[in-house]
Amino acid sequence: MTQKGFEDYVQAVYNSKNGTAKSYITAIRIIDKMFEFDDVFGLQGKSITCLDDEALLLRISVFVTEQQTLFIKGEDSFFRNISPTQLSYPGKRFCSAAFKQLLNYYKHHIEEEKAELVLRTLKSGIKISKELSTIFKIDKEGTDKLVTTKVRLGQNYFRKMVLANYDNKCCVTGLNVPQTLRASHIVAWAEDKKHRMNPENGLCLCATYDAAFDKHLISFDEDYRMIVNKEIKEYFTNETAKEYFSNFEGKQIILPTKFMPSQKLLERHRNLMIG
């Protein structure tokens, strides 16, 4: 487990616009800071987000909840050295709520370890998809909070898996800025359950090409060369459009390290192009 892993987890679980993920990340950092003042569990400066001992995490969770209650009652507590600007975090029980998410992250981390073993041992994308769908429990239908969370976490892992397969680079341009990269499903998530977590159903594309691919304005042929829809060609009088599309038309993508894009799935995608 890592601090970044926890932060990625809560950002995947919660809509980034509502501020919940940021609040939980801050609450965990506050707890880490308090342990610098009072190292009750002998962490020696190690963040609680990096602990792989479930029993220890549970003990710390109980401790934090108890100390938070003392703080709310106005009694001496673990949070005695907290910054005046952060009093609301233990005061409104954000610290115990954040720790609950840390425990959920621990469980998800175990799921990811199982998923990594599947990726190392299986070669068939469709078999991998079946195993990962079971591990992340994403096949249940519905709109309740738990189902939505499982889908977000499954999609988040799909993104990490696909980007790693392409060495974290856009397969069209080679751009390696993480914030611009997307894990594009060749066949959409909602269209085919069997391929939801199939690494052969993913392309690493930067945002512009992801949008064009999603709208079937571009695709890729049997040799993984870019095909451009005639609708885009109408814009080739524009130098930017030419730079983005005309210059890459007919060129082969940067091929992945392990799981090649499925030609059967690409054929389905190509068949939906208008022209």
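Residues numbered from 1 in each chain as written. Predicted model: local features only at pLDDT ≥ 70, side-chain atom pairs only at ≥ 80, totals over all residues. Heavy atoms only, no water.

### A look at helix H11 (residues 263–270)
Here is step 1 of the chain: The complete set of buried residues in H11 reads Leu265, Leu266, His269 and Arg270. For H11, the angular spread of the buried residues around the axis is 145 degrees, confining them to a single face.
Here is step 2 of the chain: Where H11 is buried, its residues touch helix H8 (207–214), strand E3 (218–220) and strand E4 (226–228). (Buried < 20%, exposed > 50% of the residue type's maximum accessible area, 1.4 Å probe, protein only. Helix = DSSP H or I, 4+ residues; strand = E, 2+ residues; numbered from the N terminus. Arc of directions from axis to C-beta. Contact = heavy atoms within 4.5 Å.)

### Thoughts on unusual backbone geometry
Here is step 1 of the chain: Phi angles above zero are rare outside glycine, and Arg93 is one such case at about 65 degrees.
Here is step 2 of the chain: Checked against the element boundaries, Arg93 lands in the loop between helix H4 (88–91) and helix H5 (94–121).
Here is step 3 of the chain: One non-glycine residue, Asn168, lies in positive phi territory at about 55 degrees.
Here is step 4 of the chain: Considering the arrangement of structural elements, one finds Asn168 in the loop between helix H7 (145–165) and strand E1 (181–185).

### Quick word on the nonpolar core
Here is step 1 of the chain: Residues Leu132, Leu203, Tyr209, Ile218 and Phe220 are the most contacted members of the largest nonpolar core, which totals 44 residues.
Here is step 2 of the chain: Beyond its immediate stretch of four places on either side in the chain, Phe220 contacts Val172, Leu203, Leu205, Phe213, Arg225, Met226, Ile227, Ile253, Leu266 and Arg270.
Here is step 3 of the chain: In this structure, Met34, Ile60, Val64 and Leu103 belong to the second largest nonpolar core, which totals 38 residues. (Core = buried A, V, L, I, M, F, W, Y, C linked by side-chain atoms within 4.5 Å.)

### Topic: the pattern of salt bridges
Here is step 1 of the chain: This model, assessed by the stated rule, comprises 15 salt bridges.
Here is step 2 of the chain: Between Glu111 and Lys137 there is a salt bridge, with its nearest N and O atoms 3.7 Å apart. Taken together, the residues span a long stretch of sequence, with Glu111 in helix H5 and Lys137 in the loop between helix H6 (125–136) and H7 at a distance of 26 residues.
Here is step 3 of the chain: The network of salt bridges with shared partners includes Asp38, Asp76 and Arg80. (Salt bridge = Lys/Arg side-chain N within 4 Å of Asp/Glu carboxyl O.)

### Quick notes on the packing of aromatic side chains
Here is step 1 of the chain: Overall, the coordinates contain 17 aromatic pairs when judged by the stated rule.
Here is step 2 of the chain: Centroid distance Phe63 to Phe78: 5.2 Å. Interplanar angle 75 degrees. Geometry classified as edge-to-face. A residue pair is termed long-range when its members are at least 10 positions apart, and Phe63 in helix H3 (residues 54–72) and Phe78 in the loop between H3 and H4 qualify at 15 residues.
Here is step 3 of the chain: When its relative accessible area of 14% is taken as the criterion, Phe63 is described as buried.
Here is step 4 of the chain: When the centroid spacing of 5.9 Å and the interplanar angle of 50 degrees are considered together, the rings of Tyr89 and Phe94 count as tilted.
Here is step 5 of the chain: For Tyr89, a relative accessible area of 16% gives the class buried.
Here is step 6 of the chain: Residue classification places Phe94 among the partly exposed positions, given a relative accessible area of 29%.
Here is step 7 of the chain: Taken together, the ring pairs in this structure connect Phe35, Phe41, Phe63, Phe71, Phe78 and Phe79 into an aromatic cluster.
Here is step 8 of the chain: Just above the ring of Phe248 sits the side chain of Lys251; from NZ or CZ to the centre is 6.0 Å. (Phe/Tyr/Trp six-rings, centres within 6.5 Å; stacked < 30°, edge-to-face > 60°. Lys NZ or Arg CZ within 6 Å of the ring centre and 35° of its normal.)

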